[in-house]
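Chains, contacts and geometry: an overview
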Amino acid sequence: MIRNILGSVVALAGAASAVLSPFRDWYGGRAGHDYRVADLFEGITPAESGVLVSILLPFLGAALLVILGVVLRSRLVVALAGLVALGFTILWMVRQGQAAGSLVVGGDGAGLQVGVVNALAGGVLMLIGALLMTGRRSRRERKPVEPFAVPAADQVDTWPPTQEPGMSVQTSPWPEPEVDPYTGPDPRDPRTRSYPQAAPHPEDDPRDPVHPPHPPPPPQG
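Note that the structure is predicted; figures quoted are calculated from it, not measured.

Relative to the helices and strands, threonine 134 resides in the loop between helix H5 (114-132) and helix H6 (139-142). Residues threonine 134 and arginine 75 lie 59 residues apart in sequence; the distance between their C-alpha atoms is 7.4 Å. Among all residues touching threonine 134, those that are not within four sequence positions of it are Arg3, Asn4 and Arg75.

Structure follows, in C-alpha cells:
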C-alpha cells in the first residue's frame, strides 16, 4: 500500500514536469510548444506551431496515461507513459541535431535548455514511479489463505495442528472422563467367582459416613 502511494506520487510529479516542459525554452531560446509534432517525423522547421498541435500533445497523452495507471494501480501503464515521454524527447533531440548539425549545451541560451531537462526528468520519474509501485494484486493473492487446514477424519494428526504425526490430543473442549480403576475380578463371572475379592472402597459403602444410620429401637415387651 505504501509503495503504491509513493510510486503514484513520483509518477504524478514526473507527469507534471513533462507537461510543463513545452512551456520552457528547449533550444536556442525557442520554447517547446513552438515545435510541431509533425516536425518530429518530417524534420525541424522554423515555422511556429499552435499549442494544441505542438510537442505538448504527446506529453499530455503521457500525463493521462499516468493518471489512468495510478487509478488502476497498473505499473505497466505508468511505465508506458514514461517511455512515451522519453521517446518523444529523444526523437526531438535527434531531429534538432540533424537540423542544427550538432547539439550543444550552452549557458548563453544557444544550446539545450531547461525545457529538455524537464521533459527527460519527467520521463525518468514516471519509470521510477512504475518501479516503486507494487501494482494491483490478483484475486488469488488477495484471498486469505488458511494457515492450517483441518485434518480429515481418516487421518491421524493432532488438533490443533502441530505438523507432527500422532494421536489426537484433544477432540472435545470438555475434559475426557476418567476410566474407573481396576477393582478385582467380577463376582458375577463364574470363571472368576472363586477368586479372592478386593476390599470395597470407602466411597462404595452405601452408608453415610457423616450421618450413620441409627440402630433400630429395641423391641418393647
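We now examine the packing of aromatic side chains. Under the criterion given, the structure shown has four aromatic pairs. Arranged with centres 6.1 Å apart and planes meeting at 55°, the rings of tryptophan 26 and phenylalanine 59 form a pair that is tilted. Separated by 33 residues along the polypeptide, tryptophan 26 in strand E1 (residues 25-27) and phenylalanine 59 in helix H3 (residues 56-72) bring together distant segments of the chain. Residue classification places tryptophan 26 among the buried residues on the basis of a relative accessible area of 0%. Overall, the relative accessible area of 1% leaves phenylalanine 59 in the buried class. Members of the aromatic cluster, joined through ring pairs, are Trp26, Tyr27, Tyr35, Phe59 and Trp92.

Rules and cut-offs
Residues numbered from 1 in each chain as written. Predicted model: local features only at pLDDT ≥ 70, side-chain atom pairs only at ≥ 80, totals over all residues. Heavy atoms only, no water. Helix = DSSP H or I, 4+ residues; strand = E, 2+ residues; numbered from the N terminus. Contact = heavy atoms within 4.5 Å. Phe/Tyr/Trp six-rings, centres within 6.5 Å; stacked < 30°, edge-to-face > 60°. Buried < 20%, exposed > 50% of the residue type's maximum accessible area, 1.4 Å probe, protein only.

Function-wise, these values are silent; they only describe arrangement.
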